[in-house]
Amino acid sequence: MDNYNIYCRGRRIYSEVSEDEMLDILAGFAEDFHSTGEPDPDEIAVELIENNGKARYLTKPPTV
C-alpha cells in the first residue's frame, strides 16, 4: 500500500498517511481555502511513498 507525506509552507505536516486520509486532508484544505483564503494551494505539496520505498512528488516539491 502506498502512503503519502503532505507539506505546507515547506514543513511536513502529515507523514505516511493512506490515500483515503490524504484525500480527506486535501478536501479539508480546499474547504478552508474557500472559507478563509488559507492555506494557499501553492504552499501545499504531496509526496507519494511507494511500497518499495521510492518517493516522488505528485505536486511541485515543497519550498521553504
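Residues numbered from 1 in each chain as written. Predicted model: local features only at pLDDT ≥ 70, side-chain atom pairs only at ≥ 80, totals over all residues. Heavy atoms only, no water.

**Student:** Lay out the pattern of salt bridges in plain terms, naming residues and giving numbers.
**Tutor:** A complete count under the given rule lists 3 salt bridges for this structure. With a closest N to O distance of 2.4 Å, E38 and R9 form a salt bridge. Note that E38 is positioned in the loop between helix 1 (19-36) and strand 3 (44-49) and R9 in the loop between strand 1 (3-8) and strand 2 (11-17), a separation of 29 residues in sequence. On the basis of relative accessible area, E38 is assigned to the partly exposed category, the value being 39%. On the accessibility criterion, R9 (45% relative accessible area) is partly exposed. The residue R9 makes a salt bridge to E43 at a minimum N-O spacing of 3.0 Å. Within this pair, whereas R9 is found in the loop between strand 1 and strand 2, its partner E43 is found in the loop between helix 1 and strand 3, the two being separated by 34 residues in sequence. (Salt bridge = Lys/Arg side-chain N within 4 Å of Asp/Glu carboxyl O. Helix = DSSP H or I, 4+ residues; strand = E, 2+ residues; numbered from the N terminus. Buried < 20%, exposed > 50% of the residue type's maximum accessible area, 1.4 Å probe, protein only.)

**Student:** Lay out the environment of D2 in plain terms, naming residues and giving numbers.
**Tutor:** Take D2: it is sitting in the segment before strand 1. The exposure class assigned to D2 is partly exposed, which follows from its relative accessible area of 29%. Separated by 57 residues in sequence, D2 and T59 have C-alpha atoms that sit 16 Å apart. Other than its neighbours up to four places away in sequence, D2 contacts L48, I49, E50 and N51. In this structure the side chain of D2 is engaged in a polar contact, spanning 3.1 Å, whose partner is the backbone nitrogen of N51. (Contact = heavy atoms within 4.5 Å. Polar contact = N/O pair within 3.5 Å; in protein donor to acceptor, adjacent residues only side chain to side chain.)

Nothing here speaks to function; it is geometry throughout.
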